[in-house]
Amino acid sequence: AEITLSTTEHQTPGHVSGDSGQCQVSPLVTMEDVKHYLNTKPDMDQYLLQVKTSSSTNRRGVRRLLCCLLSPPSLPPHLRPTARQVQATALIPFCNDDPVHLTMLHTIYRQLTCTILNCPRYGSHWEQIGFQGTDPSTDLRGVGLLGLVHVIYLVTTPEMLPFCHDVY
């Protein structure tokens, strides 16, 4: 899916010469960009089909009473599609060929380190910001793209960014 990434005033897409030769500078991704990407992702239906929906089938008598007392309250019907989309987002694996996925990683790194240049896809710099190894995608195997979406929210929300810098 094609998306247009938002740019901030002080950043210009292109190439900048540095000590290591040519370094790519790309715009930062925003939560609006991520929402648009997920809402227009052509293969999202395949992930939505994998999401299991809970149904209250054959609950009678004491079992029904226990479910009412011990289960969390059910989600209002108008929020159920959103909950399914969040669950489906966790099923989307990280893809090196998807520019949005890579831009999400670059945004996280640049926001935490306050740099304007993109970093290499692999390297020890990922460990410096909290990933377990030199390839951040290995940390996303269990949570899929949802893990990146959560961190993108934290590093792109102005109220949350100071907290992120304190934790970093």
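The next subject is the overall build of the protein chain. A count of helical and extended segments in the protein chain gives eight helices and two strands. Counting helices and strands in the order they occur from the N terminus, the protein chain gives β-β-α-α-α-α-α-α-α-α. Counting only residues that meet the buried cut, the protein chain has 35% of its 168 residues in that class. Taking as baseline every contact in the protein chain between residues at least 6 positions apart, the subset at least 24 positions apart corresponds to 61%. Total accessible area computed for the protein chain in this model is approximately 10,900 Å², and 56% of it derives from carbon and sulfur atoms.

Moving on to the nonpolar core. Formed by 30 residues in total, the largest nonpolar core has its most connected members in Met104 and Leu148. Those elements that provide at least two residues to this core are α1 (31–40), α2 (44–50), α5 (99–113), α7 (145–156) and α8 (161–167). Here this core gets six residues from one element, more than from any other, and that element is α5. Dropping the residues within four chain positions of it, Met104 is found in contact with Val29, Val34, Leu145, Leu148, Val149 and Ile152.

Where α1 meets α7, the axes come as close as 9 Å, and the angle between the chain directions of the two elements is 155 degrees. Taken together, the axes of α1 and α7 are roughly antiparallel relative to one another. Of α7, the residues touching α1 (which contributes Met31, Val34, Tyr37 and Leu38) are Leu145, Val149, Ile152, Tyr153 and Thr156. Here the contact of α1 with α7 is built from residues that sort into eight nonpolar, one polar and no charged.

This next bit is on the environment of Ile152. Relative to the assigned elements, Ile152 resides in helix α7. The spatial distance from the C-alpha of Ile152 to the C-alpha of Val29 is 8.0 Å, given a sequence separation of 123 residues. If near-sequence neighbours (up to four positions away) are discounted, Ile152 is found in contact with Val29, Met31, Val34, Met104, Thr107 and Ile108.

Moving on, we come to the layout of surface pockets. Considered as a void within the structure, the second largest pocket measures approximately 320 Å³ in volume. Around the second largest pocket sit 17 residues that line it, and Ile108, Leu112, Ile129, Gly130 and Val151 are the ones nearest its centre. Where the lining of the second largest pocket is concerned, the elements lending two or more residues are α5, α7 and α8. Top element by residues in the lining of the second largest pocket is α7. It accounts for five residues. The residue makeup of the lining of the second largest pocket, split by class, is 13 nonpolar, three polar and one charged.

To continue, consider the pattern of salt bridges. Pairs may arise between side chains of opposite charge once their charged atoms sit close together. For the coordinates displayed, the defined rule picks out three salt bridges. With a shortest N-O distance of 3.3 Å, Glu32 and Lys35 are connected by a salt bridge. Remark: Lys35 and Glu32 occur in helix α1; sequence separation between them is three residues, near one turn of the helix. Between Arg121 and Asp135 there is a salt bridge; the shortest N-O distance is 2.9 Å. Placement of the pair is Arg121 in the loop between α5 and α6 (125–128) and Asp135 in the loop between α6 and α7, with a sequence separation of 14 residues. Under the relative-accessibility criterion, Arg121 is labelled buried at 15%. Assessed through its relative accessible area of 18%, Asp135 is described here as buried.

With that settled, consider a nonpolar patch on the surface. A surface patch of nonpolar side chains, about 560 Å² in accessible area, is lined by Val62, Leu65, Leu66, Leu69 and Leu70. Relative to the helices and strands, Leu70 resides in helix α3 (residues 61–70).

Each value, and the rule that gives it
Residues numbered from 1 in each chain as written. Predicted model: local features only at pLDDT ≥ 70, side-chain atom pairs only at ≥ 80, totals over all residues. Heavy atoms only, no water. Helix = DSSP H or I, 4+ residues; strand = E, 2+ residues; numbered from the N terminus. Buried < 20%, exposed > 50% of the residue type's maximum accessible area, 1.4 Å probe, protein only. Contact = heavy atoms within 4.5 Å. Areas by Shrake-Rupley, 256 points an atom, 1.4 Å probe, with all protein chains shown as cover. Core = buried A, V, L, I, M, F, W, Y, C linked by side-chain atoms within 4.5 Å. Axes fitted to C-alpha atoms, helices over the stretch in contact; angles between N-to-C directions. Parallel < 35°, antiparallel > 145°, perpendicular 65-115°, else oblique. Nonpolar A, V, L, I, M, F, W, Y, C, P; charged D, E, K, R; others polar. 1 Å grid on protein atoms, 1.4 Å probe; cavity = no way out; pocket = protein on both sides within 12 Å on 5 of 7 lines; lining within 4 Å. Points joined across faces, edges and corners; volume = space filled by probe spheres on them. Salt bridge = Lys/Arg side-chain N within 4 Å of Asp/Glu carboxyl O. Patch = residues over 30% accessible without salt bridge, like charges linked within 9 Å, V, L, I, M, F, W, Y side chains within 5 Å.

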